[in-house]
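Letter by letter, the chains look like this.
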Amino acid sequence: MNLIILGIETSCDETAVAVVKNGREILSNVVSSQIESHKRFGGVVPEIASRHHVEQMTYILEEAMAEAEVNFEDIDAIAVTEGPGLVGALLIGVNAAKALAFAHNKPLVGVHHIAGHIYANHIIEELTFPLLTLVVSGGHTELVYMEEHGSFQVIGETRDDAVGEAYDKVARTLGLPYPGGPHVDKLAHEGEANIELPRAWLEPDSFDFSFSGLKSAVINTLHNAKQKGQELPIENVAASFQESVIDVLVTKTMRAVEEKQVNRLLLAGGVAANKGLRERLTAECERKGIKLTIPPLSLCTDNAAMIASAGTIMYKAGKRSGDRLNGEPGLVLK
């Protein structure tokens, strides 16, 4: 029996709706990005993001349904991101999903945003357990251990800036446009990592991350060079910064893989699109015989297909959200 889930995602600055069959077959996946609106501010403005979601939701929903060639009689349930994220943005998606569920008498399933990013990999290749996921995005850097579907154990997380935040702040310092990640990644491949920058390893047994000090070190390095009348090639700064980030991410991830004795690793989140990280992690996994899954670029950034995929697993497990479902900006993954 086919199970068709409608997914809605509005946690930040993308309005997204998707229709997914059996958790893995994408019938439609429509995303409206707000990057152009936020670019002039150098980051996401929550109020503007919320207003865009209000304006776009009906159009994106209609487009996704038409592209999938389904109507609400075909839909088995509605899955929506309930958190974490910007509270105003979350509320637009949650209330749209609640209204649709009520109007069409459909079950409602609230989904954790990071669970969605993890299950983007399930669309590409069926998950096998136990496994480990490195989640890297604008607001999250986490190592998540899973023994079975729907079971999440966060064994490491960022203590300050997430990877994506560090990239954006360094990009701003280098005079690069928002969002900074793709620009720093591109520039890094044109330069040499010949500037000494710190690696925050924290405690010997810790899987946590910290990138605030690295970001500050980049800013100080550029400032000191300017005071001395020197001009550092920005491509070398980008390459050195990225080398430090990737060293820490990959080293800690592979140590966690060894400690948890898993042979399956997933990469998830917007920064999973980073070419340098993908290349380094692929090489390490090949060397150690670890099966690595990385979503295509279209499923790395925020989208609703991943929410529908995670929602399918939750729906099958009997999880339902009632009409009291609310946006939870600080929702914990568990």
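In this text the structure is predicted, and so the values were computed from the model without any measurement. (Residues numbered from 1 in each chain as written. Predicted model: local features only at pLDDT ≥ 70, side-chain atom pairs only at ≥ 80, totals over all residues. Heavy atoms only, no water.)

Asks: I tried to follow the sheet that holds strand 10 (residues 291–293) on my own but got confused; where do I start?
Replies: The strands that make up a sheet pair up through hydrogen bonds in the backbone, lying either parallel or antiparallel. The mixed open sheet is built from 5 strands, whose spatial order is 8-7-6-9-10. For this open sheet the edge positions go to strand 8 (153–157) and strand 10, each flanked by a neighbour on one side alone. Strand-to-strand twist in this sheet, taken as the mean axis angle between neighbours without regard to direction, amounts to 20 degrees. Where strand 6 (residues 131–136) lies against strand 9 (residues 264–268), 4 bridges are found, and the strand directions are parallel. Following the sheet pairing, V135 is matched in strand 9 by A268. (Pairing = 2+ DSSP bridges. Helix = DSSP H or I, 4+ residues; strand = E, 2+ residues; numbered from the N terminus. Axes fitted to C-alpha atoms, helices over the stretch in contact; angles between N-to-C directions.)

Asks: Sorry if this is basic, but what is going on with the environment of I78 here?
Replies: Here I78 lies in strand 4 (residues 77–83). In the structure, I78 is positioned 72 residues away from L6 in sequence and 4.8 Å away in space, judged by C-alpha atoms. Excluding residues that lie within four positions of it along the chain, I78 makes contacts with L6, I8, A97, L100, A101, K106, P107, L108 and V109. (Contact = heavy atoms within 4.5 Å.)

Asks: Any chance you could explain helix 7 (residues 212–227) here in plain terms?
Replies: For the α-helix, the turn length of 3.6 residues means that residues three or four positions removed from each other point alike. When the terminal C-alpha atoms of helix 7 are compared, their 23 Å separation across 16 residues agrees well with the 22 Å that a helix rising 1.5 Å per residue should span. Residues of helix 7 that are buried include every one of L214, K215, A217, V218, L222 and A225, and no others. Down the axis of helix 7, the sector holding all buried residues measures 160 degrees, keeping them to one side. Packed against the buried residues of helix 7 are helix 5 (163–173) and helix 8 (234–260). Looking one or two residues past helix 7, G229 carries a phi angle of roughly 80 degrees, positive in sign. (Expected span 1.5 Å × (residues − 1). Buried < 20%, exposed > 50% of the residue type's maximum accessible area, 1.4 Å probe, protein only. Arc of directions from axis to C-beta.)

Asks: What's the story with the pattern of salt bridges in this structure? I'm lost.
Replies: In the structure shown here, the tally under the stated rule is 13 salt bridges. The partner of D247 in a salt bridge is R199, with the nearest N and O atoms 2.9 Å apart. Remark: R199 occurs in the loop between helix 6 (180–188) and helix 7 and D247 occurs in helix 8; sequence separation between them is 48 residues. Given the relative accessible area of 15%, D247 is considered buried. What emerges from the salt-bridge pattern is a single network uniting E125, R264 and K291. (Salt bridge = Lys/Arg side-chain N within 4 Å of Asp/Glu carboxyl O.)

Asks: Help me understand the nonpolar core, please; the structure alone is not making it clear to me.
Replies: Grouped together as the largest cluster of nonpolar side chains are 48 residues, with contacts concentrated most on L132, F241 and L249. Counting residues per element, this core draws most heavily on helix 8, at 12 residues. Every residue in contact with L249, bar those within four places of it in the chain, is listed here: L134, V136, T141, V163, F209, F211 and L277. With 32 residues, the next largest nonpolar core counts V20, F152, A304 and L333 among its residues. (Core = buried A, V, L, I, M, F, W, Y, C linked by side-chain atoms within 4.5 Å.)

Asks: I'm lost on the packing of helix 4 (residues 113–124) against helix 11 (residues 305–316) in this one. Help?
Replies: Between two packed helices, what matters for the description is the angle formed by their axes and the separation of those axes. At a minimum axis distance of 7 Å, the contact between helix 4 and helix 11 shows a crossing angle of 90 degrees. Taken together, helix 4 and helix 11 sit at an angle that is classed as roughly perpendicular. Of the residues in helix 11, those touching helix 4 at H113, A115, G116, H117, Y119, A120, H122 and I123 are A305, M306, I307, S309, A310 and I313. Split into classes, the residues belonging to the contact of helix 4 with helix 11 amount to 9 nonpolar, 5 polar and no charged. (Parallel < 35°, antiparallel > 145°, perpendicular 65-115°, else oblique. Nonpolar A, V, L, I, M, F, W, Y, C, P; charged D, E, K, R; others polar.)

Asks: Whenever I open this one, unusual backbone geometry confuses me. Can you help?
Replies: Glycine aside, a negative phi is what most residues show, and trans is what most peptide bonds show. F129 connects to P130 through a cis peptide bond whose omega is 0 degrees. Here P130 lies in the loop between helix 4 and strand 6. Despite not being glycine, E69 has its phi angle at roughly 60 degrees, a positive value. Of note, E69 is situated in the loop between helix 2 (46–68) and strand 4.

Asks: What is the right way to look at the packing of helix 5 against helix 8 in this model?
Replies: With their axes 12 Å apart at the nearest point, helix 5 and helix 8 run at an angle of 170 degrees to one another. Taken as axis vectors, helix 5 and helix 8 run roughly antiparallel relative to one another. Along its contact with helix 5, which presents V163, A166, Y167 and V170, the element helix 8 presents F241, Q242, V245 and L249. Its residues placed into classes, the contact of helix 5 with helix 8 shows 7 nonpolar, 1 polar and no charged.

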